[in-house]
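Summary of the model geometry
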Amino acid sequence: MTTILGISDGHDPGACFINDEKIVSCFWENKLENKDRVSGFPYLSIKKILERHDLRSGNIDIVAYTDTWGRLPFRILNKFYRGTTPASDTESMANKIALIYQNGIYYLPVIRKLESFLSKKVITKRLEKMNIRPKKMITVTHHIAHAYAAYEDSQKDALLITLDGYGDGLSGQIGFYKDKRFITIVSFPFWNSLGLLYGALTSMLGYKEGEESRTMELAKKGDPNSAYLTVKRFIWLENSSIRTKTFLWKKQLSSLLKAYSPEDIAASVQKRVEEVVIALINSFIQTTHKDKLCCSGGVFSNTLLVEKIKVLKNLQSVHVADFPGDKGICIGTALAAYYNNTLCTY
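Residues numbered from 1 in each chain as written. Predicted model: local features only at pLDDT ≥ 70, side-chain atom pairs only at ≥ 80, totals over all residues. Heavy atoms only, no water.

Per the counting criterion, the structure on display carries 17 aromatic pairs. Of note, Arg112 hangs over the ring of Trp69, and the distance from its end group to the ring centre comes to 4.8 Å. Above the plane of the ring of Trp28 lies Lys327, whose end atom (NZ or CZ) is 5.8 Å from the centre. (Phe/Tyr/Trp six-rings, centres within 6.5 Å; stacked < 30°, edge-to-face > 60°. Lys NZ or Arg CZ within 6 Å of the ring centre and 35° of its normal.)

Turning our attention to the side chain of Thr68. Relative to the helices and strands, Thr68 is located in the loop between β4 (62–66) and α3 (72–76). Judged by relative accessible area, Thr68 falls into the buried class, the value being 2%. (Helix = DSSP H or I, 4+ residues; strand = E, 2+ residues; numbered from the N terminus. Buried < 20%, exposed > 50% of the residue type's maximum accessible area, 1.4 Å probe, protein only.)

Strand order in this open sheet of five strands is β8-β7-β6-β11-β12, and the pairing throughout is mixed. With partners counted over all chains shown, the strands left at the sheet margins are β8 (181–189) and β12 (317–320), one partner each. Adjacent strand axes in the sheet meet at a mean angle of 20°, parallel and antiparallel pairs treated alike. With four bridges connecting them, strand β6 (residues 159–167) and strand β11 (residues 292–296) associate as parallel partners. Paired with Ile161 across the bridge in β11 is Cys295. Packed onto the sheet, helix α12 (residues 262–288) meets β6, β7 (170–178), β8 and β11 and runs at close to 145° relative to β6. (Pairing = 2+ DSSP bridges. Axes fitted to C-alpha atoms, helices over the stretch in contact; angles between N-to-C directions. Contact = heavy atoms within 4.5 Å.)

Here we come to the sheet that holds β4. Taken in spatial order, the five strands make up an open sheet running β3-β2-β1-β4-β5, and their pairing is mixed. Every other strand in the sheet has two partners, leaving β3 (22–28) and β5 (136–140) as the edge strands with one partner each. Strand-to-strand twist of the sheet, defined as the mean angle between neighbouring strand axes without regard to direction, takes the value 20°. Here strand β1 (residues 3–8) pairs with strand β2 (residues 14–19) via six bridges, running antiparallel. Bridging from a neighbouring strand, Thr3 pairs with Asn19 of β2. Against the sheet, helix α14 (residues 329–339) makes contact with β1, β2, β3, β4 and β5, and its axis sits at roughly 145° relative to β1, the strand it touches most.

In this structure, Ile161, Leu163, Val277, Phe300 and Ile309 are the most contacted members of the largest nonpolar core, which totals 47 residues. Mapped by element, the contributors of at least two residues to this core are β6, β8, α8 (194–204), α9 (212–219), α11 (250–259), α12, β11 and α13 (303–310). If you tally residues by element for this core, the top one is α12, at 12 residues. Among the nonpolar cores identified, the runner-up in size contains 28 residues, and Cys16, Phe182, Cys330 and Leu335 belong to it. (Core = buried A, V, L, I, M, F, W, Y, C linked by side-chain atoms within 4.5 Å.)

Let us now look at the packing of α8 against α11. Angle between the axes and distance between the axes are the two parameters that describe a pair of packed helices. In the contact formed by α8 and α11, the axes pass within 10 Å of each other and the chain directions differ by 50°. Regarding the angle of α8 to α11, the classification is oblique. Where α8 crosses over α11, the two elements pack in a sense that is right-handed. Where α8 approaches α11, its residues Leu197, Ala200, Leu201 and Met204 are matched on the opposing element by Lys250, Leu253, Ser254 and Leu257. A per-class count over the contact of α8 with α11 returns six nonpolar, one polar and one charged. (Parallel < 35°, antiparallel > 145°, perpendicular 65-115°, else oblique. Left-handed = near helix turned anticlockwise from the far one by under 90°. Nonpolar A, V, L, I, M, F, W, Y, C, P; charged D, E, K, R; others polar.)

On the surface, Leu32, Tyr43 and Leu44 cluster together into a nonpolar patch covering about 220 Å² of accessible area. Summarising the element assignment, Tyr43 is placed in helix α2 (residues 43–52). Judged by its relative accessible area of 31%, Tyr43 falls in the partly exposed class. (Patch = residues over 30% accessible without salt bridge, like charges linked within 9 Å, V, L, I, M, F, W, Y side chains within 5 Å. Areas by Shrake-Rupley, 256 points an atom, 1.4 Å probe, with all protein chains shown as cover. Salt bridge = Lys/Arg side-chain N within 4 Å of Asp/Glu carboxyl O.)

The following block contains the structure:
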């Protein structure tokens, strides 16, 4: 019998406890604090799991955590980070600096290794203060966690796509499960992110981070062809890979807002995002000859997009993670550690 504690300490932090493959408990900080969203180390979620299952230090075999690199400053400054709100201006200079730092480290192997080592030290110390001393510590990259958040035995032969804002240097991955392990076919760098575009639009329209559903609702009221020709130049598919004009969207979106209504911009962006994602899916369905699809990552919180995917004629089944956004990260982290516990061991 293997016991695993999966934790996430970014936006929507939480903890998930697995006992011999079965998920027995999951808690999130925002629910325990009765807030819309919080950030930081999931002390309350872990404490709740320890209390509910009467766990002691020797009762946990593996602790798995995600966001392997790029998170060290936030982990060191956890008290400050926890006091901030994720619902800030995503296009602010501070947010862009943080974005570039978190993801840029992915492309700097030496610094990445050092940062990962120090992050492990910080997390281990926090766990020890809670009397948690696991037999093994495992790191799970952001999109692998998303991938396992969508895993079901019935979908073990499925094509898997993850798309979100960013995490561990990437904005998405495509792959498949083989013997319950995720095999990556292609990865998308953070600067080609559909999630960042949609998040930036949400911010420019006056909504908060995490309120992308309001942008989606606004899209229903607009003309999708009004700003379409301009938006089409923002994102496209090239060699079965997503391409975007930039990841710093403030200038482009500001120009659009001067020429078109918010409803028409939202509708045009929604239409183009749907086109690109569906073209991407069709491309890999043809090359892999798979007729099942699993989707995870914040982009698939977009129900309008998911509705379009579910009616694709060349798919036998479509499964979207129960928690496609970062709330599902702690679940995916725990499952990834269970099915593939040699991901990155200390």
